[in-house]
Protein chains: 2
Amino acid sequence: MPQSPIRKLAPYAEQAVKNGKSIYYLNIGQPDIKTPKIALDAVKVHSLDILAYTRSEGSEDYRKKIANYYATKNIPVNHNDIIVTTGGSEALLFAFGSVMDVDDEIIIPEPFYANYNGFSTASGVKVVPVISKIEDNFALPPIEEFEKLITPKTKAILICNPGNPTGYLYSKEEIKKLAAIVKKHDLFLIADEVYREFAYDGNVHYSIMQEVGLDDYAIMIDSVSKRYSMCGARIGCLVSKNKSVIQTALKFAQARLSPPTLAQIASEAALDTPQSYFDAVIDEYVERRNTLIAELKKIEGVKVGNPNGAFYCIAELPVKNSDDFAQWLLENFEINGETIMVAPAGGFYSTPGEGLNQIRIAYVLNKESLIKAVHILKEALKVYKD
Amino acid sequence: MPQSPIRKLAPYAEQAVKNGKSIYYLNIGQPDIKTPKIALDAVKVHSLDILAYTRSEGSEDYRKKIANYYATKNIPVNHNDIIVTTGGSEALLFAFGSVMDVDDEIIIPEPFYANYNGFSTASGVKVVPVISKIEDNFALPPIEEFEKLITPKTKAILICNPGNPTGYLYSKEEIKKLAAIVKKHDLFLIADEVYREFAYDGNVHYSIMQEVGLDDYAIMIDSVSKRYSMCGARIGCLVSKNKSVIQTALKFAQARLSPPTLAQIASEAALDTPQSYFDAVIDEYVERRNTLIAELKKIEGVKVGNPNGAFYCIAELPVKNSDDFAQWLLENFEINGETIMVAPAGGFYSTPGEGLNQIRIAYVLNKESLIKAVHILKEALKVYKD
């Protein structure tokens, strides 16, 4: 089981805190945005006598409300196409287990969400990476690059849209290219769309579930974690029009009995969150992104793209090894008792040696903190020796 | 992925309900016992602004309180030996994934909790059953039977104590026999102890964690689901003194980020449940068990053991195929509009053809309902033709 790269530095961070340092945590996707009150209040007024299992696929009421939510996003699905899961993580595990056998292969554009490695290992599946580049903003690699990697063992292509860790939002045209290739080679297209709402600059998210003719091939992964800033709920879902996929995923769901009941109550209530909440959140993230990118671009030797979705960016640094640099920041650097924690990007690549001079920054802190954090990065780079 | 046998009959039950029948559900382990109020109330007074991730291994406070609880059961563990999981289900998945590779083998006395099959399939692991017999009350099979099945691929022995579906509580001597064999062959002993509290007739549960010298071999699976009748919380834990097991399981935990936060609040509060709650619950289950077993023994041709733990029993019926019989009960039998749903026991065996004339009954209904349900079974057997 591979170590999550986001957690690798945790002991150094703990030690730094013990030594009295304050840390700006740019390394994790735990937003500081408040959870909608309507969701938090729902569990305060529960009337349960017995905290019982729900149906393995999630309560019917909740799934019907989820389907209604998708309808507002022009994603036409029925509640029977939905299996409620314990976070997007479990939806990914179910998807991998349902469409792949041991030793099968899944193609994933890298850099990718590092835990995809963990779920692949747990499922005995091999990740085949196809590299996307910072110079291209991490856009979809040429479709011929995918084509070259397809073998008889290839069963699926997985994308994250908008992307963690890249912040890249795929265009409708890119999704159509992926749709064509999965149909041509009879593969599944799995799309992790947990950051759907976080599309900026007038871009509109295009879901694989909106693509006509893709019903048999498309598996969407979703979660309430980021949308409503309720990562701790551990509620997500797997969505597919492919009945056979749903039937198999349901067996995985039944083996673990039920998703968490209290969190389903909160998540169902969250669906009534007013649009004004999202408008404010998006405004906040856009301002943070603009601040972060502008500040990063001021640093000599730092290269950064223009992320237009999610709340991450990959930055290339003038260092040889960002693992060492990130550890050094925690152990040996501070300005007025403050330092930063970043996620070395090597762990987001499957190809050995790739991304070693990159870091992922999550802009889950407010603007003022981001400015201070980037200042610390800038000063640190001045004195750091590889 | 194998179908959960407990769920296989669900469509027939749904149809029966649609046709106006009432069903006594003896098929599932969802108790009707109330959850401790202290646990349900804890989430009503939460003061969260952000429903955030906890640590992947569970919050430190909660793990420390769990360790205190184990101390009261004479189980000496530290909070660092504990990983909080999303139900006992996930603890089993983590245990399987941490100590076995694809194609490895795990020996399990059958009949066993059917979802062990699902977790084995998900982990690519082969279940090797060793049969225990209704005539022996499903006691531990002779240790030589285990010995015969051990191959270079064998990595673990798994027991459920007290047993689902057997209701059998292993003695200290039986645990010592298992301890000796796992040490001799360098295997892990995984014990699913989620029914620990449900030990009757003056018997005291003996945990594998109490066995001296077993620290490197023992992995305990636990859950709040049954103990506090809070199945819907989805909180369990994996406990081991083997640091390497904990380190590997932690990687699995990190890949799925965090167990559910709200449910941890409820589960932490549940640890303060007064002993009087358990005394009343145990009294209730003992009375139910006594009623159920006495009533079953009155039926000609029915064989049943003397379960002394958990809240299940296996009954052997004078039928050829309990799958067909269970379906027939739902489709074609009723007394005053009422019928029963039972779990055919074939699904609890891994050896093909075993247990086909057995059913599992969960005594999760009150005494009056159990009497009515067994009456229905009795009358049904009079008219049923194989």
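Here, every reference points to the structure presented above.
In this report, we go over the structure that sits alongside the text.

## Some thoughts on the overall build of chain A
Part 1 of the reasoning: Helix and strand counts for chain A stand at twelve helices and 13 strands.
Part 2 of the reasoning: Expected size for 386 residues packed as a compact globule is a radius of gyration near 21 Å; at 21 Å, chain A falls within 12% of this value.
Part 3 of the reasoning: Over its C-alpha atoms, taken along the principal directions, chain A stretches across nearly 60 × 55 × 40 Å.
Part 4 of the reasoning: Expressed as a percentage of its 386 residues, the buried residues of chain A come to 63%.

## Here's the deal with the relation of the copies chain A and chain B
Part 1 of the reasoning: Once chain A is rotated about the relating axis by 180° and shifted along it by 0.0 Å, it coincides with chain B to within an RMSD of 0.0 Å. A rotation of that kind, with that shift, is consistent with a two-fold axis. Among all residues of chain A, the minimum C-alpha distance to the rotation axis is found for A:K44, at 1.9 Å.
Part 2 of the reasoning: Comparing contact sets, 100% of the residues at the interface of chain A also lie at the interface in chain B, consistent with an isologous, same-surface contact.

## What about the pattern of salt bridges?
Part 1 of the reasoning: For the coordinates displayed, the defined rule picks out 50 salt bridges over all chains.
Part 2 of the reasoning: A salt bridge links A:R196 to A:E193; the shortest N-O distance between them is 3.3 Å. When sorted by exposure, A:R196 lands in the same class as A:E193, which is buried.
Part 3 of the reasoning: When the shortest N-O distance is used, the salt bridge between B:E295 and B:K298 registers 2.9 Å.

## What to know about the interface of chain A and chain B
Part 1 of the reasoning: Across the boundary between the two partners, chain A contributes 52 residues, which contact 52 residues of chain B.
Part 2 of the reasoning: When the two sides are added together, the surface that chain A and chain B hide from each other amounts to roughly 4,500 Å², 60% of it contributed by carbon and sulfur.
Part 3 of the reasoning: On the chain A side of the contact with chain B, A:M1, A:L51 and A:Y53 bury the most area, a combined 15% of that side's loss.
Part 4 of the reasoning: Across the contact surface, chain A and chain B share two salt bridges.
Part 5 of the reasoning: In this structure, B:R55 and A:E14 form a salt bridge, with 3.5 Å as the shortest nitrogen-oxygen distance.
Part 6 of the reasoning: One can count 22 residue pairs in polar contact (both at pLDDT 80 or more) joining chain A with chain B.
Part 7 of the reasoning: Of all the secondary-structure elements, those providing two or more residues to the side of chain A that touches chain B are α5 (115-123), α8 (243-255) and α9 (261-270) of chain A.
Part 8 of the reasoning: Among the residues making up the side of chain A that touches chain B, the classes are represented as 26 nonpolar, 15 polar and eleven charged.

## Points about the nonpolar core
Part 1 of the reasoning: By size, the foremost hydrophobic cluster in this structure holds 225 residues, and its most contacted members are A:L296 and B:L296.
Part 2 of the reasoning: The element best represented in this core is helix α10 (residues 275-297) of chain A, accounting for nine residues.

## Some words on the packing of aromatic side chains
Part 1 of the reasoning: If you walk through the whole model with that rule in mind, you get 38 aromatic pairs over all chains.
Part 2 of the reasoning: With centroids separated by 5.5 Å and ring planes inclined at 90°, the aromatic side chains of A:Y195 and A:Y312 adopt a geometry described as edge-to-face. Here the residue A:Y195 occupies a position in the loop between β6 (188-192) and β7 (218-223), and A:Y312 occupies one in strand β10 (residues 312-316), the gap between them amounting to 117 residues. Both residues of the pair, A:Y195 and A:Y312, count as buried.
Part 3 of the reasoning: Ring centres of B:F112 and B:Y116 lie 6.0 Å apart, and the angle between their planes is 20°; on these two criteria the pair is classed as stacked.
Part 4 of the reasoning: Among the aromatic residues, those joined into a cluster by ring pairs are A:Y195, A:F198, A:Y285, A:F311, A:Y312 and A:Y363.

## Some remarks on helix α7 (residues 172-185) of chain A
One full turn of an α-helix is made of 3.6 residues, so residues set three or four places apart face in the same direction.
Residues and elements named next belong to chain A.
Part 1 of the reasoning: Taking 1.5 Å of rise per residue, 14 residues should cover 20 Å, and α7 covers 20 Å from first to last C-alpha, within 8% of that figure.
Part 2 of the reasoning: When we look at burial in α7, the residues that qualify are E174, I175, L178, A179, I181 and V182.
Part 3 of the reasoning: Tucked into the core, α7 has its buried residues touching α6 (143-149), β5 (154-160) and β6.
Part 4 of the reasoning: Just downstream of α7, D186 is the residue with a positive phi angle, here 55°.

## A word on the packing of helix α10 (residues 275-297) of chain B against helix α12 (residues 367-383) of chain B
Residue and element names in this part refer to chain B.
Part 1 of the reasoning: Orientation of α10 relative to α12, taken along the N-to-C sense of each, is 20°, at an axis distance of 10 Å. By the angle class used here, α10 and α12 are roughly parallel. For the element pair α10 and α12, the recorded crossing hand is right-handed. Residues E287, R288, T291, L292, E295 and L296 of α10 lie in contact with α12, whose contacting residues are K367, L370, I371, V374 and L377.
Part 2 of the reasoning: For the contact of α10 with α12, the class distribution of residues is six nonpolar, one polar and four charged.

## Observations concerning the pairing of strand β8 (residues 236-240) of chain B
Residues and elements named next belong to chain B.
Part 1 of the reasoning: Most of β8 is tucked away: five of the five residues are buried.
Part 2 of the reasoning: Bridging between strand β2 (residues 82-85) and β8 involves four bridges; their strand directions are antiparallel. Paired with V84 across the strands is C237, a residue of β8.

## Comments concerning the sheet that holds strand β10 (residues 312-316) of chain B
Residues and elements named next belong to chain B.
Part 1 of the reasoning: Read from one edge of the open sheet, four strands run β9-β10-β13-β12, paired in antiparallel fashion. Every other strand in the sheet has two partners, leaving β9 (303-304) and β12 (343-344) as the edge strands with one partner each.
Part 2 of the reasoning: Of the strand pairs in this sheet, β12 and strand β13 (residues 358-362) are connected by two bridges, and their pairing is antiparallel. Note that in β13 the partner of P344 across the bridge is I359.
Part 3 of the reasoning: Lying on the sheet, α10 is in contact with β9, β10 and β13; it crosses β10 at an angle near 5°.

## Brief notes about a nonpolar patch on the surface
Part 1 of the reasoning: Together, A:V17, A:Y25 and A:I28 make up an exposed nonpolar region whose accessible area comes to about 220 Å².
Part 2 of the reasoning: Residue A:V17 is classed as partly exposed on the basis of its relative accessible area, which comes to 42%.

## Description of the packing of helix α1 (residues 10-18) of chain A against helix α11 (residues 322-332) of chain A
Between two packed helices, what matters for the description is the angle formed by their axes and the separation of those axes.
Residue and element names in this part refer to chain A.
Part 1 of the reasoning: Orientation of α1 relative to α11, taken along the N-to-C sense of each, is 15°, at an axis distance of 8 Å. Considered as vectors, α1 and α11 are oriented roughly parallel to each other. Between α1 and α11 the crossing geometry is left-handed. Packed against α1, whose contacting residues are Y12, A13 and A16, the element α11 presents Q327, L330 and E331 at the interface.
Part 2 of the reasoning: Residue classes in the contact of α1 with α11 are distributed as four nonpolar, one polar and one charged.

## Description of the environment of A:K251
Part 1 of the reasoning: Secondary-structure assignment places A:K251 in helix α8.
Part 2 of the reasoning: Expressed as a C-alpha distance, the spacing of A:K251 and A:T35, which sit 216 residues apart in the sequence, is 32 Å.

## Things to note about unusual backbone geometry
Part 1 of the reasoning: Residue A:P165 follows A:N164 across a cis peptide bond; omega there is 15°.
Part 2 of the reasoning: Of note, A:P165 is situated in the loop between β5 and α7.
Part 3 of the reasoning: Notably, A:F138 is not glycine yet its phi reads approximately 70°, a positive angle.
Part 4 of the reasoning: Within the secondary structure, A:F138 is located in the loop between β4 (126-131) and α6.
Part 5 of the reasoning: Located in the positive-phi region is B:A310, a residue other than glycine, with phi close to 55°.
Part 6 of the reasoning: For B:A310, the location among the structural elements is in the loop between β9 and β10.
Part 7 of the reasoning: For B:A310, a relative accessible area of 0% translates into the label buried.

Conventions we followed
- Residues numbered from 1 in each chain as written.
- Chains lettered and ligands numbered in written order.
- Predicted model: local features only at pLDDT ≥ 70, side-chain atom pairs only at ≥ 80, totals over all residues.
- Heavy atoms only, no water.
- Helix = DSSP H or I, 4+ residues; strand = E, 2+ residues; numbered from the N terminus.
- Rg over C-alpha atoms; globule rule 2.2 N^0.38 Å.
- Buried < 20%, exposed > 50% of the residue type's maximum accessible area, 1.4 Å probe, protein only.
- Least-squares fit on C-alpha atoms with pLDDT ≥ 70 in both.
- Contact = heavy atoms within 4.5 Å.
- Salt bridge = Lys/Arg side-chain N within 4 Å of Asp/Glu carboxyl O.
- Buried area = accessible area lost by both parts, 1.4 Å probe.
- Polar contact = N/O pair within 3.5 Å; in protein donor to acceptor, adjacent residues only side chain to side chain.
- Nonpolar A, V, L, I, M, F, W, Y, C, P; charged D, E, K, R; others polar.
- Core = buried A, V, L, I, M, F, W, Y, C linked by side-chain atoms within 4.5 Å.
- Phe/Tyr/Trp six-rings, centres within 6.5 Å; stacked < 30°, edge-to-face > 60°.
- Expected span 1.5 Å × (residues − 1).
- Axes fitted to C-alpha atoms, helices over the stretch in contact; angles between N-to-C directions.
- Parallel < 35°, antiparallel > 145°, perpendicular 65-115°, else oblique.
- Left-handed = near helix turned anticlockwise from the far one by under 90°.
- Pairing = 2+ DSSP bridges.
- Patch = residues over 30% accessible without salt bridge, like charges linked within 9 Å, V, L, I, M, F, W, Y side chains within 5 Å.
- Areas by Shrake-Rupley, 256 points an atom, 1.4 Å probe, with all protein chains shown as cover.

The quantities given are spatial measurements derived from coordinates; they are silent on function.
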